[in-house]
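Take a look at the letters that make up each chain.
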Amino acid sequence: MSRILISDSTSYLPEDTINHYGIIIIPLNIHLEGKSYKEGRDISPTDFYSIFKSSKEFPTTSQPSAGEFLEIFQSLGSDDEALVILLSAELSGTVQSALMARSMLQPERQDRITIIDSRSAAAGLGFQLLQAGEMLAQGRPVKEVLEENKRIKFKQEIFFAVDNLEYLVRGGRLGKKSGLIGNLLKLKPVLRLQDGRIELFDKVRTSHRAIQAILRQVELSQSWLEQLAVIHIQAEEQALLLQQKLQEQYHLPVLISEAGPVIGSHVGPGTLGIAFY
């Protein structure tokens, strides 16, 4: 019997980490200028943003089909167990596709597949996969893995600042008038992933103040900090500086994770944030 970890492409874990834990990745889709791409397979982030910036169209994204999940589920051995940890159901229909695929299986096969809504994305989803992968590698019971997953979901936070409101406006996340005024006043929204949804946390005048607002939230949580990650979208230099600052202050290893096109198409290049629990 094998215990298999399955996820989607929005954790943005490094390829060697995915291979180390044997995680099966089912990619989400990006649609732009009449073409569709599998995230992480068909187009690099650099090429995607190059097309995106020059395009008059706004990209759309979609979840994997139930058929893609079903193909993976059917490939599992009859006595294999699978943990499927996925992008927040508040942000995507990916969880629904997985549930639909599982319902197509025989009842005895359904019982061996556990589908988990991470209520998160990017490094937040990555944290849950890393912990589950490590516990499974140690031979820990699935019940313990599920309990630890719930604990992490309850604690974890993601705060991030976008570089330009245009992407939120073009993606329908912000009214055009609000976006125009925000850019004219150089307002930088600080966003929070809470209960699986993206919500406005604060608005400040500069990028520096936005990052300071996020750092204050980390500092308020320092008594229980276990893991930290810096999330960025084509902002590697700023991410490295932020990583160094966090490591010096909290004496914890800090991961750097670049979010890909599915997340990036909604928040845009220059986005910078911190995930922690």
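Structure first, text after, so check above.
Every value quoted in this text rests on a predicted model; they were computed, and no experiment measured them. (Residues numbered from 1 in each chain as written. Predicted model: local features only at pLDDT ≥ 70, side-chain atom pairs only at ≥ 80, totals over all residues. Heavy atoms only, no water.)

K.L.:
Before we move on, can you summarise the overall build of the protein with the specific residues and values?
P.N.:
In terms of regular secondary structure, the protein is built from 12 helices and 13 strands. Relative to the compact-globule value of 19 Å for 277 residues, the protein shows a C-alpha radius of gyration of 19 Å, a close match. Taken over the C-alpha atoms alone, the protein extends approximately 60 × 50 × 30 Å along its principal axes. Evaluated residue by residue, the protein yields a buried proportion of 49% over its 277 residues. Within the protein, residue pairs in contact and separated by at least 24 positions form 74% of the contacts whose partners lie at least 6 positions apart. Just so you have it, the protein exposes about 13,500 Å², and 48% of that area is on carbon and sulfur atoms. For the protein, the distance from the average site of its 29 positive side-chain charges to the average site of its 33 negative ones is 8 Å. (Helix = DSSP H or I, 4+ residues; strand = E, 2+ residues; numbered from the N terminus. Rg over C-alpha atoms; globule rule 2.2 N^0.38 Å. Buried < 20%, exposed > 50% of the residue type's maximum accessible area, 1.4 Å probe, protein only. Contact = heavy atoms within 4.5 Å. Areas by Shrake-Rupley, 256 points an atom, 1.4 Å probe, with all protein chains shown as cover. Lys, Arg positive; Asp, Glu negative; His and termini not counted. Charge placed at Lys NZ, Arg CZ, Asp CG, Glu CD.)

K.L.:
Help me get a handle on helix α7 (residues 142-155), residues and values and all.
P.N.:
Under the 1.5 Å per step criterion, the end-to-end length of α7 is 20 Å for 14 residues, consistent within 8% with the ideal 20 Å. Within the sequence span of α7, burial applies to V142, V145, E148, N149, I152 and K155. Taken around the axis of α7, the buried residues stretch over an arc of 145°, which confines them to a single face. The exposed residues of α7 that point more than 90 degrees off its buried face are K143, K150 and F154. On the buried face of α7, the contacting elements are β1 (3-8), β6 (81-86), β7 (113-117), α6 (122-137), β8 (157-161) and β13 (272-276). (Expected span 1.5 Å × (residues − 1). Arc of directions from axis to C-beta.)

K.L.:
Tell me about the pattern of salt bridges, and name the residues and values.
P.N.:
If charged atoms from side chains of opposite charge come close, those side chains can pair. Summed over the entire model, instances satisfying the criterion amount to 11 salt bridges. Taking the shortest distance from any N to any O, the salt bridge between R151 and E148 comes out at 2.8 Å. In this pair, R151 and E148 are both assigned in helix α7, three residues apart and thus about one turn of the helix distant. On the accessibility criterion, R151 (30% relative accessible area) is partly exposed. The salt bridge partner of D163 is K188, with a shortest N-O separation of 4.0 Å. Here the residue D163 occupies a position in the loop between β8 and α8 (166-170), and K188 occupies one in strand β9 (residues 188-194), the gap between them amounting to 25 residues. The exposure class of D163 is partly exposed, given its relative accessible area of 39%. If you follow the salt bridges from partner to partner, you end up with E90, D117, R119, R197 and E199 in one network. (Salt bridge = Lys/Arg side-chain N within 4 Å of Asp/Glu carboxyl O.)

K.L.:
Tell me about the sheet that holds β8, residues and numbers included.
P.N.:
Spatial ordering of the open sheet is given by β10-β9-β8-β13-β11-β12, a layout of six strands whose pairing is mixed. A single partner strand is all that each edge strand has here, and the edge strands are β10 (197-204) and β12 (254-258). Taken over all neighbouring pairs, the strand axes of this sheet differ in orientation by 20° on average, direction set aside. The strands touched by helix α10 (residues 207-220) within the sheet are β8, β9, β10, β11 (228-232) and β13, with β13 carrying the most contacts at an inclination of about 5°. (Pairing = 2+ DSSP bridges. Axes fitted to C-alpha atoms, helices over the stretch in contact; angles between N-to-C directions.)

K.L.:
Can you explain the packing of helix α3 (residues 66-75) against helix α4 (residues 94-103)? Please cite residues and give values.
P.N.:
Closest axis-to-axis distance for the α3/α4 pair is 8 Å, and the angle between their directions is 50°. As judged from the angle between their axes, α3 and α4 are oblique. Viewed along their axes, α3 and α4 form a crossing whose handedness is right-handed. Across from A66, F69, L70 and F73 in α3, the residues of α4 making contact are T94, S97, A98, M100, A101 and R102. (Parallel < 35°, antiparallel > 145°, perpendicular 65-115°, else oblique. Left-handed = near helix turned anticlockwise from the far one by under 90°.)

K.L.:
Hey, could you go over the environment of I152 for me, with residue numbers and the actual values?
P.N.:
Note on placement: I152 falls in helix α7. Note on I152: relative accessible area 1%, which makes it buried. Spatially, the C-alpha atom of I152 lies 17 Å from that of P141, the residues being 11 residues apart in sequence. Apart from the residues lying within four places of it in its own chain, the contact partners of I152 are Q128, Q131 and Y277.

K.L.:
Account for α10, with residues named and values stated.
P.N.:
Spanning 14 residues, α10 covers 20 Å between terminal C-alpha atoms, matching the ideal 20 Å at 1.5 Å per step. Turning to α10, its buried residues number three or more, namely A210, I211, A213, I214, L215, Q217 and V218. On its buried face, α10 is in contact with β8, β9, β10, β11, α11 (236-250) and β13.

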